[in-house]
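# Survey of secondary and tertiary structure
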Amino acid sequence: SLYVYIPNSFSDSRYIRYVLALRLVRLLRLFGSVPQVRNVAATFLHMLPASFQLLKVLCALIFAYSALGIQLFGGLITWENPPPTTDYGAAGYYPNNFNDMGSACVTCFELLILNNWWVICDGFVDV
């Protein structure tokens, strides 16, 4: 695999990424050969049906709160109407708004995983 790093006529970066990604396939051999990894993989596969039910509920809640956010905050934060001097504007969080359903779902998901939630909340509190 050192050959792909040496500058030569075969230096297309796409092929280099494909070769490096194929190297990760070797990890799949662990699922069959190591009993502990096989148990973890079997447990994960056994939990998948139940997790789909949880995922459906989570998506429904994100959709409902996104619709509520559009009704409460829709159109308040735009590039033309920035919040006054907050970390929200300084961090460039303008796409995280409730102006449409896609942006609202992403904003609710970021709030769900607590990704700089205080910055997002400061932006909407100042508006």
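Read on for an overview of the structure. As the structure is a computational prediction, the values presented were derived from the model and not from experiment.

Another aspect to go through is the overall build of the protein chain. Per the secondary structure count, the protein chain includes six helices and zero strands. The buried share of the protein chain, reckoned over its 127 residues, is 19%. Put simply, 53% of the contacts in the protein chain that link residues at least 6 apart link residues at least 24 apart. For the protein chain, the exposed surface amounts to about 9,400 Å²; the carbon and sulfur share of it is 69%.

Counted according to the given criterion, the structure contains zero disulfides. Free of any disulfide, C59 has its nearest neighbouring cysteine sulfur in C105, separated by 8.5 Å. C59 sits in the partly exposed class, given a relative accessible area of 46%. A disulfide-free cysteine, C108 has its sulfur positioned 6.7 Å from the sulfur of C105, the nearest such atom.

Taken together, the side chains of F52, L55, L58, F109, L112 and I113 make up a nonpolar region of the molecular surface, amounting to roughly 550 Å² of accessible area. Going through the elements one at a time, α3 (35-73) and α5 (101-112) are the ones with two or more residues in the nonpolar patch. The leading source of residues in the nonpolar patch is α3, at three residues. With respect to the helices, strands and loops of the structure, F52 is situated in helix α3.

With that out of the way, let us pick up the packing of α3 against α5. Packing of α3 against α5 leaves a shortest axis separation of 8 Å and a crossing angle of 115°. Considering how the two elements wind past one another, α3 and α5 form a crossing that is right-handed. From α3, L58, I62, F63, Y65, S66, A67 and I70 reach across to α5, where they touch M101, A104, C105, C108, F109 and L112. Classifying every residue of the contact of α3 with α5 gives twelve nonpolar, one polar and no charged.

Attention now moves to unusual backbone geometry. One non-glycine residue, L114, lies in positive phi territory at about 60°. Examined against the element boundaries, L114 turns out to sit in the loop between α5 and α6 (117-126). Of note, N116 is a non-glycine position whose phi angle comes to about 50°, a positive value.

Right, let's get into the packing of aromatic side chains. Scanning the entire structure with this criterion turns up seven aromatic pairs. Ring geometry for Y88 and Y93: centres 6.2 Å apart, planes at 75°, overall edge-to-face. Residue Y88 shares its accessibility class with Y93, and that shared class is buried. An aromatic cluster is built from F73, Y88, Y93, Y94, F98 and F124, whose rings are joined through pairwise contacts.

With that out of the way, let us pick up the nonpolar core. Of all hydrophobic cores here, the largest spans eleven residues; its members are I62, I77, Y88, Y93, Y94, F98, A104, C108, V119, I120 and F124. Listed by contribution, the elements that provide at least two residues to this core are α5 and α6. Ranked by residue count, the leading element in this core is α6, at three residues.

Rules used throughout
Residues numbered from 1 in each chain as written. Predicted model: local features only at pLDDT ≥ 70, side-chain atom pairs only at ≥ 80, totals over all residues. Heavy atoms only, no water. Helix = DSSP H or I, 4+ residues; strand = E, 2+ residues; numbered from the N terminus. Buried < 20%, exposed > 50% of the residue type's maximum accessible area, 1.4 Å probe, protein only. Contact = heavy atoms within 4.5 Å. Areas by Shrake-Rupley, 256 points an atom, 1.4 Å probe, with all protein chains shown as cover. Disulfide = S-S within 2.5 Å. Patch = residues over 30% accessible without salt bridge, like charges linked within 9 Å, V, L, I, M, F, W, Y side chains within 5 Å. Salt bridge = Lys/Arg side-chain N within 4 Å of Asp/Glu carboxyl O. Axes fitted to C-alpha atoms, helices over the stretch in contact; angles between N-to-C directions. Left-handed = near helix turned anticlockwise from the far one by under 90°. Nonpolar A, V, L, I, M, F, W, Y, C, P; charged D, E, K, R; others polar. Phe/Tyr/Trp six-rings, centres within 6.5 Å; stacked < 30°, edge-to-face > 60°. Core = buried A, V, L, I, M, F, W, Y, C linked by side-chain atoms within 4.5 Å.

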